[in-house]
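Working through the structure, step by step
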Amino acid sequence: MKVTPPPRVLLVEAFYGGSHRQLIDLLKDHVDRCSVFTLPAKKWHWRARTGALYFSQTIPRCPSYRVLFCSSVLNLCELVALRPDLAPLKKVLYFHENQLVYPVRKDQERDFQYGYNQVLSCLVADEVVFNSHFNMDSFLSSIPSFMKKIPDHRPSHLDHLIRPKCQVLSYPLNLPDVSSFLPKHKLLRQPAAPSHVDDIITPQSERQELRANQETPWTEPYTDRGPPESQSPDPGPKAKCIGVVPDQVDPLHIVWPHRWEHDKNPELFFTTLTTLKERGLDFRLSVLGETFTDIPEIFSSSRTILDSHILNWGFLPTKEDYFRVLCQADVVVSTANHEFFGVAMLEAVHCGCLPLCPKALVYPEIFPDQYLYSTPEQLCKHLQNLCRRPDVARRHVVMVDTSSYFWSTLKSRFQSLLSMPEGS
């Protein structure tokens, strides 16, 4: 009879849902001798406040544990204090997000305790891992000003104590083969060397002029696509797409695959689409993503306004359904006020969508400048021109190498992170 060796790695997740769940599941399936303890992904604030006490009572004492891995939702400092037997383990703290720069709504005050707990957790951890440089840099640089909120007897130089423990290890994507879901025009795309979008669709002379004006090819009409609006009326998408294959004539399909929460700034997204509708532009819309207890009102009002454009609305029951919709879409949009990595955007790019992201947060770390917008007006302008020329999005090969974020690429680094030196 085969004897199962005792666990060596303790995986603890106080908010077992979304990307937190996906990471724990990957580690459980691909790292030997793991033991997993989780709490459901509900009532985030209570998980952060009380999760450590719960786990201190539910994690059994086990002399074979050598490594403890948890996300920064958990107050690791409290857990180790309540369970001194866990203190000698190699403690790895993973930041999906940090509370020092996490946006709060105007009618709320930032709760000092959540960020403070994360700082304390870093101080007791042996390895502090962030999913992006933006996440790490924003956290460390915010510690001094954050601690100034303490009225007196403030600790100092905590960032100096924490920084040597820190490293960046991207969130690992475990994406399926979606080739069977892709429409013909995406399958026919040919890989290209790194370039700007205009390299693919615009003659060289016009590319030089566009770059001189620092424009991307969807911001202005060009001579080979008909005169600007001021010189002639818009002939409509079919007239503008003469010479392209039939599936290039369909209206632009825009997808928004994010959590239905205020930090994703749905107000900007729906305001922009309402503007496009008011200008008489045709498009199709899929609004995906998870919903939670408090759904911003903008979703219900926008569903009524944009009803004639909607193809999909709401969380899809299976991952297969989700990736199928992403494969059918042309453009994926982020309007986030907060993003430390952006799994949904990379999933959509994997499915052949052209991304449009804010020129802020983590996005410049992942996406070339041609996919970034600086103002709401720029976002509206980009989408307006893509609505008029959906074939531009459908011809374009996105210059983002998603494979560098694949689990197969990052697996060995995670395995090394959760290992102990020989003889330990």
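Our subject is the structure that appears above.
Now for a quick tour of the structure. (Residues numbered from 1 in each chain as written. Predicted model: local features only at pLDDT ≥ 70, side-chain atom pairs only at ≥ 80, totals over all residues. Heavy atoms only, no water.)

1. Brief notes about the overall build of the protein
Stated precisely, the cut-off is as follows: A run of H or I in DSSP becomes a helix once it reaches four residues, and a run of E becomes a strand once it reaches two; helices and strands are each numbered from the N terminus. Type-normalised accessible area, obtained with a 1.4 Å probe on protein chains alone, sets the label of each residue: buried when under 20%, exposed when over 50%, and partly exposed for intermediate values. Only heavy atoms enter the contact rule, under which two residues are in contact if any of them lie within 4.5 Å. Every accessible area reported is derived by Shrake-Rupley at a probe size of 1.4 Å, with residue values counting cover from the shown protein chains alone.
Each helix and strand in the protein was counted, giving 18 helices and 12 strands. For the protein, with 424 residues in total, the buried portion stands at 51%. A separation of at least 24 residues holds for 75% of the contacts in the protein among residues at least 6 apart in sequence. Just so you have it, the protein exposes about 20200 Å², and 52% of that area is on carbon and sulfur atoms.

2. A word on empty space enclosed by the protein
So the rule is basically this: Lining residues are those with an atom within 4 Å of a point, where the points come from a 1 Å grid over the protein atoms alone and group into cavities, where a 1.4 Å probe fits but cannot get out, or pockets, open sets with protein on both sides within 12 Å along at least five of seven lines. Grid points are joined across faces, edges and corners, and a volume is the space filled by probe spheres set on the points.
Within the structure shown, the criterion is met by 1 cavity of 30 Å³ or more. In this structure, the largest cavity encloses a volume near 70 Å³. Lining the largest cavity are W44, A48, S72, V73, L74, N75, Q99, Y114, N117, Q118 and S121. Put simply, the parts of the chain that give the lining of the largest cavity at least two residues each are α2 (44-58) and α4 (112-124). Here the lining of the largest cavity gets 4 residues from one element, more than from any other, and that element is α4.

3. Describing the packing of aromatic side chains
For any pair of aromatic rings, the description consists of the separation of the ring centres together with the inter-plane angle of the planes. In plain terms, the rule: Stacked, tilted and edge-to-face are the three classes applied to pairs of Phe, Tyr and Trp rings, where Trp contributes its six-membered ring and a pair requires centres within 6.5 Å; stacked means planes under 30 degrees apart, edge-to-face means over 60, and tilted covers the rest. Remark: a charge is flagged as sitting over a ring if the NZ atom of Lys or the CZ atom of Arg is within 6 Å of the ring centre and within 35 degrees of the ring normal.
For the structure on display, the rule yields 24 aromatic pairs. When the centroid spacing of 4.5 Å and the interplanar angle of 5° are considered together, the rings of F112 and F146 count as stacked. Here F146 lies in helix α5 (residues 133-147) and F112 lies in helix α4, a separation of 34 residues in the sequence. Judged by relative accessible area, F112 falls into the partly exposed class, the value being 24%. Members of the aromatic cluster, joined through ring pairs, are W256, W260, F269, F270, F299 and W313. Residue placement shows R49 over the ring face of W46; its charged tip is 4.9 Å from the ring centre.

4. Examining the side chain of T272
By secondary structure assignment, the location of T272 is in helix α11 (residues 266-278). Since its relative accessible area comes to 4%, T272 is described here as buried. When neighbours within four sequence positions are excluded, T272 is seen to be in contact with L379, C380 and L383.

5. Re the environment of S72
Cut-off, in case you're wondering: Here a polar contact means two N or O atoms within 3.5 Å. Within protein one must be a hydrogen donor candidate and the other an acceptor candidate, and residues neighboring in sequence count only if both atoms are side-chain atoms.
Mapped onto the elements, S72 comes out in the loop between β3 (67-71) and α3 (76-82). Sequence spacing of S72 and G115 is 43 residues, and the spatial spacing of their C-alpha atoms is 9.7 Å. Once you skip the residues sitting within four places of it in the chain, S72 turns out to touch L93, Y94, F95, H96, E97 and Q118. Of note is the side chain of S72, whose polar atom sits 3.3 Å from the backbone oxygen of E97.

6. Observations regarding the sheet that holds strand β11 (residues 354-358)
The condition that has to hold: When DSSP finds at least two bridges between two strands, those strands are taken to pair. The convention used is that axes are lines fitted to C-alpha atoms, helices contributing only their stretch in contact, and that angles between N-to-C directions extend from 0 to 180 degrees.
Sheet architecture is open: 6 strands sit in the order β9-β8-β7-β10-β11-β12, paired in parallel fashion. Each edge of the sheet is formed by a strand with only one pairing partner; in this case those strands are β9 (310-313) and β12 (372-373). Where α11 meets the sheet, its contacts fall on β7 (252-256), β8 (283-287), β9, β10 (331-333) and β12, and the angle it forms with β8 comes to roughly 160°.

7. Considering the sheet that holds strand β6 (residues 166-168)
Taken together, 6 strands build an open sheet; the order of strands is β2-β1-β3-β4-β5-β6 and the sheet is parallel. The open sheet has two free edges, formed respectively by β2 (34-40) and β6, since each of these has just one partner strand. Each adjacent strand pair in this sheet contributes to an overall mean axis angle of 20°, direction not counted. Inspection of the sheet shows strand β4 (residues 90-95) paired to strand β5 (residues 127-130) by 4 bridges, in the parallel sense. Each residue of the ladder has a partner; that of Y94, found in β5, is V129. Packing of α4 onto the sheet brings it into contact with β4 and β5, and relative to β4 it is tilted by some 145°. Contacting β4, β5 and β6, helix α18 (residues 407-417) runs over the sheet at an angle of about 140° to β4.

8. Side note on the packing of helix α13 (residues 319-328) against helix α14 (residues 343-350)
Heads up, the rule is: When an angle is under 35 degrees it counts as roughly parallel; over 145 it counts as roughly antiparallel; between 65 and 115 it counts as roughly perpendicular; any other value is oblique. Each crossing gets its hand from how the near helix is turned against the far one by less than a right angle, where anticlockwise is left-handed and clockwise is right-handed. Amino acids are sorted into nonpolar (Ala, Val, Leu, Ile, Met, Phe, Trp, Tyr, Cys and Pro), charged (Asp, Glu, Lys and Arg) and polar (every other residue, Gly among them).
Where α13 contacts α14, the axes come no closer than 8 Å and their chain directions differ by 65°. Considering the angle they form, α13 stands roughly perpendicular to α14. Considering how the two elements wind past one another, α13 and α14 form a crossing that is right-handed. Of the residues in α14, those touching α13 at K319, Y322, F323 and L326 are A344, E347 and A348. The residue makeup of the contact of α13 with α14, split by class, is 5 nonpolar, no polar and 2 charged.

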